[in-house]
Amino acid sequence: MTLDPTYVLLIYVAGIILFILSLRFMSDVKTARWGGRSAALGMAIGVAATLAAYTIQRVDLLIGAILIGFVVGTPIALRVATTALPQRTAVSQAFGSLAVALVGAAEFYDYHTTANTFTLSVLSAEMILGFLTFAGSCIAFAKLQELIPGRPFVYPGKNFVSIAILVVAAAVAVFLVAEPSQTFALPIMAVFALAFGFLLVMGIGGADMPTVIAILNSYTGMSAAGLGFVLNNKLLIVAGSLDGSSGFVLALIMSQAMNRSFTNVLFGGVGAKVVKTAAGAAAAQARPVQSLSAGDVATILENARSVVIVPGYGMAVAQAQHTIKEVADLLQEKGIDVKYGIHPVAGRMPGHMNVLLAEANVPYDQLWEMEKINPTFPETDVAIVVGANDVTNPAARTKPDSPLYGMPIMNVDKAKTVIFIKRSMSPGFSGSDNELFYLPNTWMVFGDAKKVLSDLVAALKAS
Amino acid sequence: MMLELVANATATLPPAISYSSQDLVTNLLVFIMATFLGVELIRHVTRLLHTPLMALTNAISSISMIAALIVMSETTDQTLLILATVGVALASTNIISGFILVERIVRLFKTKPKEKPKEKPTN
């Protein structure tokens with residue numbers, strides 16, 4: 001003990017204040033830079049105070065571990081492409097949750113003979129949460145990186161099996177709390193928690209990833225708060241619960257934007273029917289659509305006064321954000337009003353589209369939220385949909401039997417003209433055919449988003 | 001054995017692991033208040049910044065590094081020491097990459113340049 005405990009506790013309080021301020025700073029783009037900085041300061045003083053208060057014998061291990069953090073962490077942060085941010089988030093959640101799970105396990109082994117029932121229960125719950133989040137985040141990463149198919153993995157009785165595995169993990173946890181000396185049960189509990197996390201995220205489709213990532217984020221925070229309870233450390237409790245509530249609120253916003261419940265996102269397996277309905281889509285192909293070339297689109301755009309661009313995950317896949325910005329610049333030079341309409345679940349993580357467009361130097365005041373842009377569509381001359389599908393499907397408003405029914409959508413169909421850039425007629429993630437394609441004011445442009453938009457830039461420059 | 005030594009050594013710091021039910025009630029209160037505060041704070045975060053927000057909260061939740069450090073200082077067992085060291089490495093990776101990333105993403109958001117857009121934006 002080198003630093004007076006009162007000072008340590010006071011420094012922890014300062015850390016708590018800095019964390020709270022950092023989230024407050026994120027409410028506005030203008031102050032957002034201070035968000036990261038104040039949290040970093042809070043973290044630095046919290047860690048420094050801990051090091052000053054607790055003597056660590058093996059300084060070599062400590063320095064080695066922190067060095068690994070620098071060597072691994074810095075290149076990840078500096079090199080990751082904005083399109084790959086969802087994957088990076090999944091990796092970082094995997095790291096964070098594995099850290100809390102391992103530390104929880106270490107504490108259990110260290111204190112199982114003396115700790116009281118409450119501490120043991122919190123530790124066990126925290127470990128289950130940590131291990132399931134670790135496995136879930138690994139699978140989320142694999143799906144986002146397309147190492148495994150993004151489609152939900154479903155089989156008869158899927159939810160029953162998953163829940164049964166979780167119940168077994170909980171039962172082992174109860175046993176561990178009752179008989180803490182039987183430490184052999186801890187790895188068994190960990191394996192069942194890992195299995196549950198694995199199956200849970202395997203059963204969830206790619207387009208539901210924004211919600212899943214947010215929920216996993218919440219779990220990591222909750223388990224960190226659990227460690228705070230175990231160690232009687234209020235800095236850990238506050239930081240963990242801020243993260244826990246953040247993930248929870250984001251998940252809530254995401255699932256509300258799809259008009260679905262948490263349970264439906266986690267256990268519904270939406271998107272699994274894609275294979276089945278592919279035949280239906282083929283049949284629907286018979287319905288006539290109108291298609292145009294990039295040159296024709298240029299002519300339509302030049303005669304427009306207001307244009308709204310609606311991007312989706314396809315824009316990220318095609319890396320088309322810079323080309324979109326070029327089109328927008330050319331249109332703005334001709335005096336045409338250009339806005340971007342962003343659906344809350346567009347992309348693979350919350351706020352993903354905004355970051356991609358900001359990277360392409362789109363001023364953020366041109367990025368409009370769905371609720372604000374929707375009333376403007378009737379006065380919009382042209383809506384351009386790039387790489388979005390389900391979030392523009394009018395069936396969500398009109399067809400009660402559609403899986404999308406009730407989901408808030410971008411009302412692009414109300415624009416005077418809709419330009420829909422798409423590779424093929426394949427249905428969206430939900431497996432439902434997009435009614436928008438067949439409307440008389442919709443024109444399809446088939447091809448890779450980046451290619452089509454580059455052609456459009458050339459055509460606009462030529463005229 | 002181990003725990004008693006620790007408890008004596010940190011007599012004025014709140015004792016870890018087995019503490020009074022009064023402390024427990026305080027901790028529950030702190031947890032509940034922080035959760036409600038967190039919900040209010042996050043609801044006011046602009047949707048523009050939800051991606052950097054997730055990077056930020058990920059880094060904040062790696063405060064679990066403190067727990068790993070405490071285990072490192074208290075344990076005498078080699079295996080547990082290694083578990084805690086791995087925990088420190090994972091958490092510090094998250095902390096470092098998280099905060100650099102937040103700074104990087106937030107810098108991308110700019111207001112409208114009033115003059116003509118630049119020829120070749122290289123950023």
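Residues numbered from 1 in each chain as written. Chains lettered and ligands numbered in written order. Predicted model: local features only at pLDDT ≥ 70, side-chain atom pairs only at ≥ 80, totals over all residues. Heavy atoms only, no water.

A. Region of interest: the overall build of chain A. A tally of helices and strands in chain A yields 18 helices and 6 strands. Along the first, second and third principal axes, the C-alpha atoms of chain A reach 75 × 50 × 35 Å. Going through the 463 residues of chain A one by one, you find that 59% of them count as buried. Pairs at least 24 residues apart make up 77% of the contacts formed inside chain A by residues separated by at least 6 positions. Surface exposure of chain A reaches about 17200 Å², of which carbon and sulfur atoms provide 66%. Averaging the coordinates of the 30 positive side-chain charges in chain A and doing the same for the 29 negative ones gives two points 3 Å apart. (Helix = DSSP H or I, 4+ residues; strand = E, 2+ residues; numbered from the N terminus. Buried < 20%, exposed > 50% of the residue type's maximum accessible area, 1.4 Å probe, protein only. Contact = heavy atoms within 4.5 Å. Areas by Shrake-Rupley, 256 points an atom, 1.4 Å probe, with all protein chains shown as cover. Lys, Arg positive; Asp, Glu negative; His and termini not counted. Charge placed at Lys NZ, Arg CZ, Asp CG, Glu CD.)

B. A look at the interface of chain A and chain B. With 119 residues of chain A in contact, the opposing surface of chain B contributes 95 residues. Buried area between chain A and chain B, summed over both chains or domains, comes out near 9600 Å², and the portion from carbon and sulfur atoms is 73%. For chain A, the biggest contributors to the area lost against chain B are Met26, Tyr54 and Asn232 of chain A; these three give 7% of the whole. At the boundary of chain A and chain B, one finds 3 salt bridges. Between Arg47 of chain B and Glu369 of chain A there is a salt bridge, with its nearest N and O atoms 3.9 Å apart. Taken together, chain A and chain B are joined by 22 residue pairs in polar contact (both at pLDDT 80 or more). In terms of residue count, helix α4 (residues 85–111) of chain A provides more of the side of chain A that touches chain B than any other element does, 18 residues in total. For the side of chain A that touches chain B, the residue count by class is 70 nonpolar, 31 polar and 18 charged. (Buried area = accessible area lost by both parts, 1.4 Å probe. Salt bridge = Lys/Arg side-chain N within 4 Å of Asp/Glu carboxyl O. Polar contact = N/O pair within 3.5 Å; in protein donor to acceptor, adjacent residues only side chain to side chain. Nonpolar A, V, L, I, M, F, W, Y, C, P; charged D, E, K, R; others polar.)

C. The arrangement of the packing of helix α8 (residues 209–231) of chain A against helix α3 (residues 50–61) of chain B in detail. Between α8 of chain A and α3 of chain B, the shortest axis-to-axis distance is 9 Å and the interhelical angle comes to 25 degrees. By the criterion of interaxial angle, the relationship of α8 of chain A to α3 of chain B is roughly parallel. When you trace α8 of chain A past α3 of chain B, the crossing you get is left-handed. Of the residues in α3 of chain B, those touching α8 of chain A at Ile213, Ala214, Asn217, Thr220, Gly221 and Ala224 of chain A are Met54, Thr57, Asn58 and Ser61 of chain B. Within the contact of α8 of chain A with α3 of chain B, the residues separate by chemical class into 4 nonpolar, 6 polar and no charged. (Axes fitted to C-alpha atoms, helices over the stretch in contact; angles between N-to-C directions. Parallel < 35°, antiparallel > 145°, perpendicular 65-115°, else oblique. Left-handed = near helix turned anticlockwise from the far one by under 90°.)

D. Molecular detail of the packing of aromatic side chains. Residues and elements named next belong to chain A. Per the counting criterion, the structure on display carries 6 aromatic pairs over all chains. With a centroid separation of 5.5 Å and an interplanar angle of 55 degrees, the aromatic rings of Phe153 and Tyr155 are classed as tilted. Taking the relative accessible area as the measure of exposure, Tyr155 reaches 27% and is therefore partly exposed. Between Phe420 and Phe437 the ring centres are 4.9 Å apart and the planes differ by 80 degrees, which places this aromatic pair in the edge-to-face class. Taken together, the residues Phe420 in strand β5 (residues 417–422) and Phe437 in the loop between β5 and β6 (442–446) connect sequence positions 17 residues apart. As far as the burial class goes, Phe420 and Phe437 line up, both buried. Above the plane of the ring of Trp34 lies Arg37, whose end atom (NZ or CZ) is 4.8 Å from the centre. Note that Lys339 overlies the ring of Trp368, its terminal NZ or CZ placed 4.8 Å from the centroid. (Phe/Tyr/Trp six-rings, centres within 6.5 Å; stacked < 30°, edge-to-face > 60°. Lys NZ or Arg CZ within 6 Å of the ring centre and 35° of its normal.)

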